[in-house]
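Read off the chains here:
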Amino acid sequence: YNSQTVLWTEDFESISKSSMKAYPNPTTNNITLDNWDQLDNDFDFEIYDITGRKVWSGKGKEWQAINIEDLIDGNYIITHKDEEGNKGSNKIIKK
């Protein structure tokens with residue numbers, strides 16, 4: 001990951017509601033991103049800490065399990081965008 005990437009408030013202005021689900025929440029080790037409502041769309045995701053620093057990024061299709069065991073406990077924002085440009089975000093809590 002690129003530790004120099006920062007999430008700005010302007011990034012949230014263009015985010016629309018999405019059907020992506022993130023569970024379990026809160027979590028200790030793993031989070032699942034579930035995009036079953038849009039089965040044919042791959043998606044990109046990024047995880048940001050509460051200061052806006054990107055701590056993880058990747059790609060998924062339909063659903064994606066992510067091991068976040070190495071992240072410190074706290075609040076995180078997952079942003080995601082599918083192939084059609086649909087965007088969304090989820091807040092997760094790592095315990």
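Look up a bit, the structure's there.
Structural notes, computed from the coordinates. (Residues numbered from 1 in each chain as written. Predicted model: local features only at pLDDT ≥ 70, side-chain atom pairs only at ≥ 80, totals over all residues. Heavy atoms only, no water.)

Considering the arrangement of structural elements, one finds aspartate 49 in strand β3 (residues 42-49). At a separation of 2.6 Å, a polar atom in the side chain of aspartate 49 contacts the side chain of threonine 51. When sequence neighbours within four positions are dropped, the list of residues in contact with aspartate 49 reads Val55, Asn75 and Tyr76. (Helix = DSSP H or I, 4+ residues; strand = E, 2+ residues; numbered from the N terminus. Polar contact = N/O pair within 3.5 Å; in protein donor to acceptor, adjacent residues only side chain to side chain. Contact = heavy atoms within 4.5 Å.)

A few words on the pattern of salt bridges. Using the criterion set out here, one finds five salt bridges in the structure. Residue lysine 61 pairs with aspartate 42 through a salt bridge whose shortest N-O separation is 3.5 Å. Placement of lysine 61 in strand β4 (residues 54-61) and of aspartate 42 in strand β3 is noted, with a sequence separation of 19 residues between them. Since its relative accessible area comes to 40%, lysine 61 is described here as partly exposed. As a salt-bridge pair, aspartate 44 and lysine 59 come within 2.7 Å of each other at their nearest N and O atoms. With aspartate 44 in strand β3 and lysine 59 in strand β4, this pair connects stretches of sequence that are 15 residues apart. What makes lysine 59 exposed here is its relative accessible area of 61%. (Salt bridge = Lys/Arg side-chain N within 4 Å of Asp/Glu carboxyl O. Buried < 20%, exposed > 50% of the residue type's maximum accessible area, 1.4 Å probe, protein only.)

This part covers the pairing of β4. Bridging between β3 and β4 involves seven bridges; their strand directions are antiparallel. Residue aspartate 42 lies in a different strand from β4, and its bridge partner there is lysine 61. Taking the residues between adjacent antiparallel strands as the criterion, β3 and β4 are bridged by four residues, where glycine 52 takes a positive phi near 95°. (Pairing = 2+ DSSP bridges.)

Ranked by size, the top nonpolar core spans 14 residues in total, and within it Leu33, Phe45, Ile47, Ile66, Ile68 and Ile92 carry the most contacts. Those elements that place two or more of their residues in this core are β2 (30-34), β3 and β6 (74-82). With three residues, β3 is the single largest residue contributor to this core. For isoleucine 47, the residues in contact, after removing those within four places along its chain, are Arg53, Lys54, Val55, Trp56, Ile66, Ile68, Tyr76, Ile77 and Ile78. (Core = buried A, V, L, I, M, F, W, Y, C linked by side-chain atoms within 4.5 Å.)

To continue, consider the pairing of β2. Of all five residues in β2, four are buried, a share of seventy percent or more. As judged from the three bridges shared by strand β1 (residues 21-23) and β2, these two strands associate in the antiparallel manner. For tyrosine 23, the partnering residue across the bridge sits in β2 and is threonine 32. Count of turn residues in the β1/β2 antiparallel hairpin: six residues. In terms of strand pairing, β2 meets strand β5 (residues 63-67) through five bridges, oriented antiparallel. Residue pairing in the sheet places isoleucine 31 in a bridge with isoleucine 66 of β5.

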